[in-house]
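One letter stands for each residue in the lines below.
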Amino acid sequence: MSVGRRRVLAVALSLAVPAALVLLGGHRGVHAARSLLFPGAGLVEERPALAAFLALAGAAATVAWLRWGMDWLLVLVMVLAAVVSAAVTPSGHRATGALRMAPSAHEFPLVMLVFSALAWLRSITRRLPGVSRLAARSAGRRASHGLADVARLRLTDRSRCAAIVLLAGDAVSDAEVRAVTTAGTGPDVVRRAALVGRWARGRFGGDPLRVDHAHARAALVLASPDDRDAVARLAGDAARSAIGVPASEPTWVRPLDAVLVTLALCRAGEPAA
């Protein structure tokens, strides 16, 4: 099955499953569908503590997905939340007198209220005396030494910085190029790629930089354009990708990384996808 067909199938299932739960699952199906859309949303009435736990688990799984491509973890949390919601929710609302009374405020307004409150608290905190000054001073310290501070960046940003510096050519001194390239293509970068491949996709052994990790591979190809094996592997993975470049992390293609890979392949004499 092609990548495009798999994506269409995934979108269709993401729409069909909640709809089927709502239409065919009765009251429990409605609560399961709510937790499928937002982990824990279907448990606010029956199990508020469990709802809060699942919401936090969903937030943590989302961070893991965004940072390391662990999409399977987010899917697992969502499915678990839906199953638990269906299991602990009564088949209908409890009767009050002769009528079955539904709560006047359901889960989604509550979720929106919580997120609005968090956004409000964040904006208020930034306006407190001294907070904005401390944030500006911290940002100034991080950027005070320019390229000499590259080791303070996250590993992914080190690779991006190395690729950009290598593309800059004579605009950067040789000493700075060597320091930034070492930080962006060194063993720590390879170890991170191995960990991401292992936890996000179950890849054990082999080249840690295979398939994904566009930022690191762009920096490596720019640093060693004569390494034809690395260039060929990058070009091959780009050709097999649906959009013409490897992913930065599994399921994620960062626009900057896509540009860096394209420029790296052009520099190495490979046609752009």
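Residues numbered from 1 in each chain as written. Predicted model: local features only at pLDDT ≥ 70, side-chain atom pairs only at ≥ 80, totals over all residues. Heavy atoms only, no water.

### Observations regarding the overall build of the protein chain
Across its full length, the protein chain holds twelve helices and two strands. Scanning the protein chain from its N terminus toward the C terminus, one meets helices and strands in the order α-α-α-α-β-β-α-α-α-α-α-α-α-α. With the model as given, the accessible surface of the protein chain reaches about 16200 Å², and the carbon-plus-sulfur share is 66%. (Helix = DSSP H or I, 4+ residues; strand = E, 2+ residues; numbered from the N terminus. Areas by Shrake-Rupley, 256 points an atom, 1.4 Å probe, with all protein chains shown as cover.)

### Things to note about the nonpolar core
Within the largest apolar cluster, 26 residues are counted, with the highest numbers of intra-cluster contacts made by V165, V180, V221, V261 and L265. Only helix 7 (155–168), helix 8 (174–185), helix 10 (214–223), helix 11 (228–240) and helix 12 (255–267) provide two or more residues apiece to this core. Not counting the four nearest positions on each side in its chain, V165 is found in contact with L147, V172, V177 and V180. Counting five residues, the second largest nonpolar core, distinct from the first, contains L43, A51, L54 and A81. (Core = buried A, V, L, I, M, F, W, Y, C linked by side-chain atoms within 4.5 Å. Buried < 20%, exposed > 50% of the residue type's maximum accessible area, 1.4 Å probe, protein only. Contact = heavy atoms within 4.5 Å.)

### Topic: the pattern of salt bridges
A complete count under the given rule lists eleven salt bridges for this structure. The partner of R154 in a salt bridge is D157, with the nearest N and O atoms 3.8 Å apart. D157 sits in the partly exposed class, given a relative accessible area of 26%. A salt bridge links D237 to R240, with the nearest nitrogen and oxygen atoms 2.7 Å apart. Within this pair, D237 and its partner R240 are both found in helix 11, separated by three residues, close to a single helical turn. (Salt bridge = Lys/Arg side-chain N within 4 Å of Asp/Glu carboxyl O.)

### Remarks on helix 11
Spanning 13 residues, helix 11 covers 18 Å between terminal C-alpha atoms, matching the ideal 18 Å at 1.5 Å per step. Restricting attention to buried positions, one finds in helix 11 the residues A230, V231, L234, A235, G236, D237 and A238. Looking at the buried side of helix 11, the elements it contacts are helix 10 and helix 12. (Expected span 1.5 Å × (residues − 1).)

### What to know about helix 10
For helix 10, a buried count of eight out of ten residues is recorded, marking the element as mostly surrounded by other parts of the structure. When helix 10 is considered as a whole, its buried residues turn out to be A214, H215, A216, R217, A218, A219, V221 and L222. Buried residues belonging to helix 10 abut helix 7, helix 8, helix 9 (187–201), helix 11 and helix 12.

### Quick word on the packing of helix 7 against helix 8
With their axes 7 Å apart at the nearest point, helix 7 and helix 8 run at an angle of 145 degrees to one another. As for the relative orientation of helix 7 and helix 8, their crossing is left-handed in sense. On the side of helix 7, the interface is formed by R158, S159, C161, A162, V165 and L166, while helix 8 contributes V177, V180, T181, A183 and G184. Partitioned by chemical class, the residues of the contact of helix 7 with helix 8 number seven nonpolar, three polar and one charged. (Axes fitted to C-alpha atoms, helices over the stretch in contact; angles between N-to-C directions. Left-handed = near helix turned anticlockwise from the far one by under 90°. Nonpolar A, V, L, I, M, F, W, Y, C, P; charged D, E, K, R; others polar.)

### Overview of the confidence of the model for the protein chain
Summarising the model, the protein chain shows a mean pLDDT of 81, and 74% of its residues fall at 70 or more. This model gives residues 94–107 a pLDDT under 50, and the stretch forms 21 contacts once residues within four places in sequence are excluded. (pLDDT = per-residue confidence, 0-100.)

### Comments concerning the environment of L234
Checked against the element boundaries, L234 lands in helix 11. The class for L234 is buried, based on a relative accessible area of 0%. Separated by 36 residues in the primary sequence, L234 and E270 place their C-alpha atoms 9.8 Å from one another. Those residues in contact with L234, other than ones at most four positions away along the chain, are R217, V221, P246, V261 and L265.

### Thoughts on a nonpolar patch on the surface
Together, W72, L76, L195 and W199 give the surface a local cluster of nonpolar side chains, amounting to about 450 Å² of exposed area. Among the elements of the structure, helix 4 (71–88) and helix 9 are those that each provide at least two residues to the nonpolar patch. With respect to the element layout, L195 can be found in helix 9. (Patch = residues over 30% accessible without salt bridge, like charges linked within 9 Å, V, L, I, M, F, W, Y side chains within 5 Å.)

### Topic: the side chain of S248
Turning to its location among the elements, S248 is positioned in the loop between helix 11 and helix 12. A polar contact is formed between the side chain of S248 and the backbone nitrogen of R254, at a distance of 3.1 Å. Within the structure, S248 has its side chain in polar contact with the side chain of D257 (distance 2.5 Å). What S248 contacts, discounting residues up to four positions off in sequence, is D212, H213, A214, H215, V253, R254 and D257. (Polar contact = N/O pair within 3.5 Å; in protein donor to acceptor, adjacent residues only side chain to side chain.)

### Observations regarding unusual backbone geometry
Notably, V211 is not glycine yet its phi reads approximately 70 degrees, a positive angle. Of note, V211 is situated in the loop between helix 9 and helix 10. V211 gets classed as partly exposed once you look at its relative accessible area, which sits at 37%.

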